[in-house]
Amino acid sequence: MASTPQVSVVVPTFARPALVTRAVRSVLAQTVTDIEVIVVVDGPDAATGAALAEIGDPRIRVVELPGRGGAPTARNTGVREARAPWTALLDDDDEWLPTKLAVQLDVARRSRVPSPVVASRLINKTPRAEFVLPRRLPELGEPISEYLTVRRGLFHGDGFIQTSTIMAPTELLRRVPFTVGLRRQQELDWTVRATGHPDVELVFAAEPLVLWHQDEDRPRISLSSPWEAQLAWLRDIRPLITPRAYAAITMSIISSMAAPTRSLRVFRLLLAEARRHGSPSLVDYLTFAQIWLIPPTLRHRVRDRILGRRPVHPVPAPPSAAAPPSVAIPVATELGADVGR
């Protein structure tokens, strides 16, 4: 490819050739065709290289790392390889709808700042239900850390950002790389750090543009991360988030990871942490109690029923032209203060 593409797409992967080829084909089917697809293979993996070679599209470049480094390392490597002014991220187990890049480029053109981070809604496909996240878009002046973490009800999903929805200036992704070694909340961590820069703003496309698959039977690193490591991360980023966000993350995200210990000591430690450094609301206390007292399977069933989430069988068709028009919603980047899962 001699000319500079409009968008570089970075896809980290390892040992999942069927999934990554599905993801890459969704990129190649975009209505924006002036792109490059950089697949970063996180260690030696001949099967993935062979599967991608069978696609036979010159827009695909495969970069194989010498050893395992994790998704943040693979993303950072792909961003360094990117040639386009914009870079979009895609996890290997997700897919894009065909107009994803076209809509986001239009949103970016209408942004008021030099370095917009453009996200979108997504369709979350789980074994229990299929639904759209986030349920609401940011309000004017709302701190990003609170939009992404503070619940207005007992269930997560009011505010939300996921890696496969993100498109940002390549220069920004180089200036603010993903945190190597962080196993969960990589999107939250990156977004909070990136939007702390004065030239950066988070804007959204209103319609869902990504299929977020959670229905494959496969291990998920993000579901096995030790809660102690996540608490250490939270303490590190405390200067970048509000007290309300600090309490919400402690009593929701980290508590969800720690609750299986059934440890009274851990229960008290996290409660004290939220009260000492955060500003818990009544919803935070109720969320904390239900996480520790109600088994996760029952919580999920109750949540799906209350929110009216439809079952996945039969699978409905993805949104079409009837979807709501895209909008760009600016979010204040001042932070005085993942998303609750």
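Residues numbered from 1 in each chain as written. Predicted model: local features only at pLDDT ≥ 70, side-chain atom pairs only at ≥ 80, totals over all residues. Heavy atoms only, no water.

Caption draft 1: Local environment of the packing of aromatic side chains. Tallied over the entire structure, the rule returns six aromatic pairs. Aromatic side chains Tyr147 and Phe204 sit 5.9 Å apart centroid to centroid with 75 degrees between the ring planes, which places their arrangement in the edge-to-face category. In this pair, Tyr147 sits in helix α5 (residues 144-149) while Phe204 sits in strand β9 (residues 200-213), placing the two residues 57 residues apart along the sequence. Of the two residues, Tyr147 and Phe204, neither departs from the other in class, the shared state being buried. Look at Phe178 and Trp190: their rings are 5.7 Å apart centre to centre, the planes differ by 10 degrees, and that puts the pair in the stacked class. Linking Phe178 in the loop between α6 (170-175) and α7 (186-194) with Trp190 in helix α7, this pair joins segments that are twelve residues apart in sequence. Neither Phe178 nor Trp190 differs from the other in exposure class; each is buried. Site record: aromatic cluster; members linked through ring pairs are Phe267, Phe288 and Trp292. Above the plane of the ring of Phe14 lies Arg68, whose end atom (NZ or CZ) is 4.0 Å from the centre. (Phe/Tyr/Trp six-rings, centres within 6.5 Å; stacked < 30°, edge-to-face > 60°. Helix = DSSP H or I, 4+ residues; strand = E, 2+ residues; numbered from the N terminus. Buried < 20%, exposed > 50% of the residue type's maximum accessible area, 1.4 Å probe, protein only. Lys NZ or Arg CZ within 6 Å of the ring centre and 35° of its normal.)

Caption draft 2: Structural context of the nonpolar core. Among the nonpolar cores identified, the biggest contains 54 residues, and Trp190, Leu234 and Leu270 are the most heavily contacted of them. When residues in this core are grouped by element, the largest group, nine residues, is from helix α9 (residues 243-258). Contacts of Leu270, omitting those with residues within four sequence positions, involve Trp227, Leu231, Thr250, Ile254, Ser255, Ala258, Phe288 and Trp292. Listed in part, the 37 residues of the second largest apolar core include Val27, Trp86, Leu90 and Trp96. (Core = buried A, V, L, I, M, F, W, Y, C linked by side-chain atoms within 4.5 Å. Contact = heavy atoms within 4.5 Å.)

Caption draft 3: Representation of the pattern of salt bridges in the model. Applying the stated criterion across every chain, the model contains 22 salt bridges. We note a salt bridge from Arg109 to Asp106, for which the minimum N-O separation is 4.0 Å. Of the two residues, Arg109 and Asp106 both sit in helix α4 (residues 100-109), three residues apart, roughly one turn of that helix. Through salt bridges with shared partners, one network takes in Glu36, Arg61, Glu81 and Arg83. (Salt bridge = Lys/Arg side-chain N within 4 Å of Asp/Glu carboxyl O.)

Caption draft 4: Inspection of unusual backbone geometry at higher detail. Of the consecutive residues Leu133 and Pro134, the connecting peptide bond is found in the cis state with omega at -10 degrees. By the secondary structure assignment, Pro134 is in the loop between β7 (130-133) and α5. The phi torsion at Ala15 lies on the positive side, around 60 degrees, for a residue other than glycine. Structurally, the position occupied by Ala15 is in the loop between β1 (7-13) and α1 (17-28). With a phi angle near 55 degrees, Arg262 is a residue other than glycine that sits in the positive phi range.

Caption draft 5: Geometry of the pairing of strand β3 (residues 60-64). Judged from the five bridges that link them, strand β2 (residues 35-41) and β3 form a sheet pairing that is parallel. Each residue of the ladder has a partner; that of Val41, found in β3, is Glu64. Between the parallel elements β2 and β3, the chain passes through helix α2 (residues 46-55) in a crossover that is right-handed. (Pairing = 2+ DSSP bridges. Right-handed = clockwise from strand over helix to strand, strands pointing away.)

Caption draft 6: Summary view of helix α10 (residues 264-277). Between its terminal C-alpha atoms α10 stretches 20 Å, which fits the 20 Å expected from 14 residues at 1.5 Å a residue. Listing the buried residues of α10 in full gives Val266, Leu270, Leu271, Glu273 and Ala274. Buried residues of α10 fall within an arc of 155 degrees about the axis and therefore sit on the same side. Facing away from the buried side of α10 by over 90 degrees, the exposed positions are Arg265, Arg268, Arg275 and Arg276. In this structure, the buried residues of α10 make contact with α8 (227-237), α9 and α11 (282-293). Between a side-chain oxygen at the N-terminus of α10 and the backbone nitrogen of Arg265 the separation is 3.3 Å; the capping residue is Ser263. (Expected span 1.5 Å × (residues − 1). Arc of directions from axis to C-beta. Polar contact = N/O pair within 3.5 Å; in protein donor to acceptor, adjacent residues only side chain to side chain.)

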